[in-house]
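Read off the chains here:
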Amino acid sequence: MKFNNIKREHDKGELSTSRDDSNVTNFRTSSLSETEDDEEISEIVSMETGNSSVQESIHKILTQHKYSPTRKTSKETFHKNVRWESLSSNLFVENLPPQTSKHKIEATFGSYGPLTHIEVSKPNLGNKGKKFAYVQFSSKKDAERAFKGMRREKFYGCEIKMSFAEQYDEYTEIIYYPPCMKIFFPPKYDTGLPFNAVPTPGAKKFLGKRGLLKPTDVGFNDVGYKESVKMYISNSVVQVVMPEEPAQVKMINQLVMDYIEQGNQSDEFLYHLEKEIKSMNPKEKHAQFLKNIFTHGTIESNFYHWRIFSILNGDTFESWMTTPYRIFKNGPVWIPPTLNQDKKLDSMPECFYDRAYNHKNNYFNKNKKKFYL
């Protein structure tokens, strides 16, 4: 894959052929500090290949960086002894029909944002079998939207009553994400798209019920089908995720530096590097991680490709553009990782406000419409 002489575009998804070469060489290396571990260096087995630059690159990666304990993501702490409506993200819902289930609560209230707790009562025989429920959101903002959108609305034929309740401190982990937010998480399956991109909810209309065809299927070579696939891919998303281990990030950064330093011979260097890494002994330290970098659609591979493109376009290893953009013309939209890695996606993005159950007002963010159709 060639990244030279390309520049990201945010409006039309096209690539220009101009860039400032000074941005390429002006990347920072402060995050690539060397470790002083002579014992680990002595354990490395020398690689006898014909490409000295590849040997040197792999040797630097394996000897200079060690794994450190997994970074602990700070979790949002909830207010204790909440007694005011303005401080709670927990809703108390009354007058629910007897057939109310956790799944139905997720499909309705969960459409307003991620949930951390759902508790549905047993039927009240003295009130025609009606139920009540506690629905706690991860975000207070989403709880307020759900309160305004669902209050006095009919839930499967029953007009519900709602109020804010005391917040449960022990429920901090998100147990349910709205389907539209799944594009922000790397899929655990093969989507069949470049870089294992995830199609947006509106992308399915381009393929219809037939979905993606196999090369042996009838209609695979039809012009109309190819145009549909083209639109399907352009309406998909690649969420770039930074590896949890700081040592892994440093190793990828080192590979990116080595790739850029090769200049006109970068493609040849990348070819030999990939070949050398894939031939590594599986028992060797970091072997599986390095192989994942050159495996289609993995977290490590997508992060590596994004990092090269990011640095070539003037970003640094410490600071980069977080606005979604396209790397290739008509390709999927890439969403860079957040600068604050401890910040988790715990609320509904504004571009999906219009997907809420019983949605009345148009909250749709027109500036992001081209990315989330």
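For clarity, every value in this text was computed on a predicted model and none was experimentally measured. (Residues numbered from 1 in each chain as written. Predicted model: local features only at pLDDT ≥ 70, side-chain atom pairs only at ≥ 80, totals over all residues. Heavy atoms only, no water.)

## As for the overall build of the protein chain
- Secondary structure assignment for the protein chain yields 10 helices and 10 strands.
- Counting over 373 residues, the protein chain shows a buried share of 47%.
- If you take every contact in the protein chain between residues at least 6 apart in sequence, the share linking residues at least 24 apart comes to 71%.
- Roughly 20500 Å² of accessible area belongs to the protein chain as shown, and the carbon and sulfur atoms make up 48% of that amount. (Helix = DSSP H or I, 4+ residues; strand = E, 2+ residues; numbered from the N terminus. Buried < 20%, exposed > 50% of the residue type's maximum accessible area, 1.4 Å probe, protein only. Contact = heavy atoms within 4.5 Å. Areas by Shrake-Rupley, 256 points an atom, 1.4 Å probe, with all protein chains shown as cover.)

## A look at the sheet that holds strand S9 (residues 325-326)
- Read across the open sheet, the 4 strands follow the order S7-S8-S10-S9; overall the sheet is mixed. Taken across any chain shown, the strands that pair with only one partner, and hence form the sheet edges, are strand S7 (198-199) and S9.
- Inspection of the sheet shows strand S8 (residues 236-239) paired to strand S10 (residues 333-335) by 3 bridges, in the parallel sense. Looking at S10, one finds that Gln239 is bridged to Ile335.
- Docked against the sheet, helix H6 (residues 223-234) engages S7, S8, S9 and S10, running at close to 40° with respect to S8. (Pairing = 2+ DSSP bridges. Axes fitted to C-alpha atoms, helices over the stretch in contact; angles between N-to-C directions.)

## Some points on the sheet that holds strand S2 (residues 115-120)
- In space, the 4 strands of this open sheet follow the order S2-S3-S1-S6, with antiparallel pairing throughout. Both outer strands of the open sheet, S2 and strand S6 (161-165), are each paired with one neighbouring strand and no more. Sheet twist, expressed as the mean angle between neighbouring strand axes with direction ignored, is 20°.
- As defined by bridge partners, S2 adjoins strand S3 (residues 131-137) across 5 bridges and the pair is classed as antiparallel. By the bridge assignment for S3, Glu119 is matched with Tyr134.
- Those strands touched by helix H5 (residues 140-150) are strand S1 (90-96), S3 and S6, and its axis lies near 160° from that of S6.

## Details of the packing of aromatic side chains
- Considering all chains together, one arrives at 15 aromatic pairs under this definition.
- Aromatic pair Phe147 and Phe164: ring centres 4.9 Å apart, planes at 40°, arrangement tilted. In this pair, Phe147 is assigned in helix H5 and Phe164 in strand S6, connecting sequence segments 17 residues apart. Of the two residues, Phe147 and Phe164, neither departs from the other in class, the shared state being buried.
- Ring geometry for Phe220 versus Tyr225: centroids 5.9 Å apart, planes at 45°, classification tilted.
- Accessibility expressed as a relative area gives 26% for Phe220, which makes it partly exposed.
- Here the aromatic residues Phe92, Phe132, Tyr134, Tyr168 and Tyr171 are joined through ring pairs into a cluster of three or more. (Phe/Tyr/Trp six-rings, centres within 6.5 Å; stacked < 30°, edge-to-face > 60°.)

## Focus: the packing of helix H7 (residues 246-261) against helix H8 (residues 266-278)
- Contact geometry of H7 with H8 gives a least axis separation of 8 Å together with a crossing angle of 140°. Of the possible angle classes, the one that applies to H7 and H8 is oblique. Between H7 and H8, the contacting residues are Leu255, Asp258 and Tyr259 on the first element and Ser266, Asp267, Phe269, Leu270 and Leu273 on the second.
- Within the contact of H7 with H8, the residues separate by chemical class into 5 nonpolar, 1 polar and 2 charged. (Parallel < 35°, antiparallel > 145°, perpendicular 65-115°, else oblique. Nonpolar A, V, L, I, M, F, W, Y, C, P; charged D, E, K, R; others polar.)

## Structural notes on unusual backbone geometry
- Backbone geometry places Phe195, a non-glycine residue, at a positive phi of 60°.
- Along the chain, Phe195 falls in the loop between S6 and S7.
- We note that Asn196 has phi near 55°; this positive angle belongs to a residue other than glycine.
- As for its placement among the helices and strands, Asn196 is situated in the loop between S6 and S7.

## What about the side chain of Gln167?
- Tracing the backbone shows Gln167 in the loop between S6 and S7.
- Side-chain polar atoms of Gln167 contact the backbone nitrogen of Ser89, separated by 2.6 Å. (Polar contact = N/O pair within 3.5 Å; in protein donor to acceptor, adjacent residues only side chain to side chain.)

## What to know about the confidence of the model for the protein chain
- This prediction gives the protein chain a mean pLDDT of 75; 71% of its residues lie at or above 70.
- A low-confidence stretch, residues 65-84 (pLDDT under 50), is modelled with 56 contacts involving residues beyond four sequence positions or located in other chains. (pLDDT = per-residue confidence, 0-100.)

## Section: the pattern of salt bridges
- All told, the structure shown has 4 salt bridges when counted by the stated rule.
- Between Glu144 and Lys140 there is a salt bridge, with its nearest N and O atoms 2.3 Å apart. Placement of the pair is Glu144 and Lys140 together in helix H5, with a separation of 4 residues, close to one helical turn.
- Judged by relative accessible area, which is 31%, Lys140 ranks as partly exposed.
- Of the charged contacts in the structure, one is a salt bridge between Glu350 and Lys141, with a shortest N-O distance of 3.6 Å. Residue Glu350 is located in the segment after S10, and its partner Lys141 is located in helix H5; the two are separated by 209 residues in the primary sequence.
- A relative accessible area of 41% means that Glu350 is categorised as partly exposed. (Salt bridge = Lys/Arg side-chain N within 4 Å of Asp/Glu carboxyl O.)

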